[in-house]
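# Structural features, examined
Chain by chain, the residues run as shown.
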Amino acid sequence: MQTSKDYLHVFLDMGDALLNSGAEIFRVEDTLNRMGYACGATHMNVFVITSSIVITMEFPGDGARTQTRRIHECGGNDFTKLEQLNDLSRRFCSHPVSAAELRNEFEKINANRPKPLWKLLGSVLAACSFALFYGGTIPDAITAGIAAILIWSLQKYLRPVCMNEVTFQFAASFLTGCAICGFTLLCPFLHMDKIMIGDIMLLIPGLMSTNAISDVLIGDTLSGIIRLIAALLLAAALALGFMGAIILFGRFGL
């Protein structure tokens, strides 16, 4: 006979994975609640904010059990994993399986990681496209693509050693801004503003701010405010980084 103890840890892992794939707070709470009732729980209480998940499950004759998970990283974007996790939850609600089987299915999905080459290609394509969209020339788009490679490298190698996301955002935007300003100094025909716009789009916290507004409108005010403050801090760090690079290279006559 399955008990809450069997399911709690895998539910926490799924909630963690959903949050780090870009899911809204309501989606995480609703998914875990539905899965809990589907596996036989008589009472489910799920509380989620961007930094914590609390699940209380009660099975007949087993009493209530509560587990808490501290979320250290939140705000990633992986819509493929989000879709797969959503599909797993729907299949589980339709045909509940044991906790061990659910764990195996979850581990298969969670083990999938985006291929670095595809992420690099997407970054280059996005930077080039936005540079052209906002009025840049072909050389501007090519330069934005080169700067996108730098951003991808920083995300891969610098982010793990930064103390927090705000620090990384400032460092990445400052170094990218310096690179763009350097290109503009060497090639005066380039348009610095168009190149920067193309690369800023890779760092701007768009999904985070959208989810923050969505959370507030749905009624998850606390989570929405936390996400909104985080998005504003990241946006401020992004602006300060590029501004610092412009001011620094302005002293060289840019």
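For the structure, check the block above.
Quick notes on the rules
- Residues numbered from 1 in each chain as written.
- Predicted model: local features only at pLDDT ≥ 70, side-chain atom pairs only at ≥ 80, totals over all residues.
- Heavy atoms only, no water.
- Helix = DSSP H or I, 4+ residues; strand = E, 2+ residues; numbered from the N terminus.
- Buried < 20%, exposed > 50% of the residue type's maximum accessible area, 1.4 Å probe, protein only.
- Contact = heavy atoms within 4.5 Å.
- Pairing = 2+ DSSP bridges.
- Patch = residues over 30% accessible without salt bridge, like charges linked within 9 Å, V, L, I, M, F, W, Y side chains within 5 Å.
- Areas by Shrake-Rupley, 256 points an atom, 1.4 Å probe, with all protein chains shown as cover.
- Salt bridge = Lys/Arg side-chain N within 4 Å of Asp/Glu carboxyl O.
- Axes fitted to C-alpha atoms, helices over the stretch in contact; angles between N-to-C directions.
- Disulfide = S-S within 2.5 Å.
- Phe/Tyr/Trp six-rings, centres within 6.5 Å; stacked < 30°, edge-to-face > 60°.
- Expected span 1.5 Å × (residues − 1).
- Polar contact = N/O pair within 3.5 Å; in protein donor to acceptor, adjacent residues only side chain to side chain.

Tracing the backbone through its elements, the reader meets Tyr134 in the loop between helix H5 (116–133) and helix H6 (138–158). Residue Tyr134 is classed as partly exposed on the basis of its relative accessible area, which comes to 36%. Spatially, the C-alpha atoms of Tyr134 and Val97 are 51 Å apart, while their sequence positions differ by 37 residues. When residues no more than four places from it in sequence are discounted, the contact partners of Tyr134 are Lys194, Ile197 and Met201.

Let's shift gears to the pairing of strand E1 (residues 43–49). Relative to strand E2 (residues 52–59), E1 is paired through seven bridges, and the arrangement is antiparallel. Looking at E2, one finds that Val46 is bridged to Ile55. Counted between consecutive antiparallel strands, the loop separating E1 from E2 contains two residues.

Turning next to a nonpolar patch on the surface. Taken together, the side chains of Val166, Val216, Ile225, Ile229 and Leu233 present a nonpolar region at the surface, about 390 Å² in accessible area. Of the residues forming the nonpolar patch, the biggest block, three residues, is contributed by helix H10 (residues 221–250). Mapping Val216 onto the fold places it in helix H9 (residues 206–218).

Moving on to the sheet that holds strand E3 (residues 63–70). Hydrogen bonds between backbone atoms are what pair the strands of a sheet, whose relative direction is either parallel or antiparallel. Sheet architecture is open: three strands sit in the order E1-E2-E3, paired in antiparallel fashion. The strands lining the two open edges of the sheet, one partner per strand, are E1 and E3. Between one strand axis and the next, the sheet turns by 10° as a mean value, whatever way the strands run. Across the sheet, helix H2 (residues 25–38) lies against E1 and E2, angled at about 160° from E1, the strand it touches most.

Such a bond, covalent and formed between the sulfur atoms of two cysteines, is termed a disulfide. According to the stated counting rule, one finds zero disulfides in the structure shown. Between Cys162, a cysteine without a disulfide, and Cys178, which holds the nearest cysteine sulfur, the sulfur-to-sulfur distance is 15 Å. Residue Cys162 is classed as buried on the basis of its relative accessible area, which comes to 18%. Distance from the sulfur of Cys181, which forms no disulfide, to the nearest cysteine sulfur (Cys178) is 6.6 Å.

With respect to the helices and strands, the residue Thr143 is situated in helix H6. Thr143 sits in the buried class, given a relative accessible area of 7%. Contacts of Thr143, omitting those with residues within four sequence positions, involve Phe183, Leu190 and Ile195.

As for its position among the elements, Cys162 is in the loop between H6 and helix H7 (165–186). Distance from Cys162 to Leu12, taken between C-alpha atoms, is 26 Å for residues 150 residues apart in sequence.

We now examine the packing of aromatic side chains. Scanning the model with the defined rule gives seven aromatic pairs in all. On the numbers, 6.3 Å between centres and 10° between planes, the contact of Tyr7 with Phe59 is stacked. Within this pair, whereas Tyr7 is found in helix H1 (residues 4–19), its partner Phe59 is found in strand E2, the two being separated by 52 residues in sequence. Phe59 shares its class with Tyr7; the two are buried. With centroids separated by 5.1 Å and ring planes inclined at 90°, the aromatic side chains of Phe133 and Tyr134 adopt a geometry described as edge-to-face. By relative accessible area, Phe133 is classed as exposed at 65%. What links up through ring pairs into an aromatic cluster is the set Tyr7, Phe11, Phe59 and Phe92.

Below, the discussion takes up H7. Between its first and last C-alpha, H7 extends 31 Å over 22 residues, near the 32 Å set by a 1.5 Å rise per residue. Contacts made by the buried residues of H7 are with H6, helix H8 (192–200) and H10. A distance of 3.2 Å separates the backbone nitrogen of Val166 from a side-chain oxygen at the start of H7, and that oxygen is part of Asn164.

Turning our eyes to something else, we now look at the pattern of salt bridges. Scanning the model with the defined rule gives 10 salt bridges in all. Put simply, Arg34 and Asp30 hold a salt bridge, and the shortest N to O gap is 2.8 Å. In this pair, Arg34 and Asp30 are both assigned in helix H2, four residues apart and thus about one turn of the helix distant. Sharing partners across several salt bridges, the network here consists of Asp13, Asp16, Arg69, Arg103 and Glu107.

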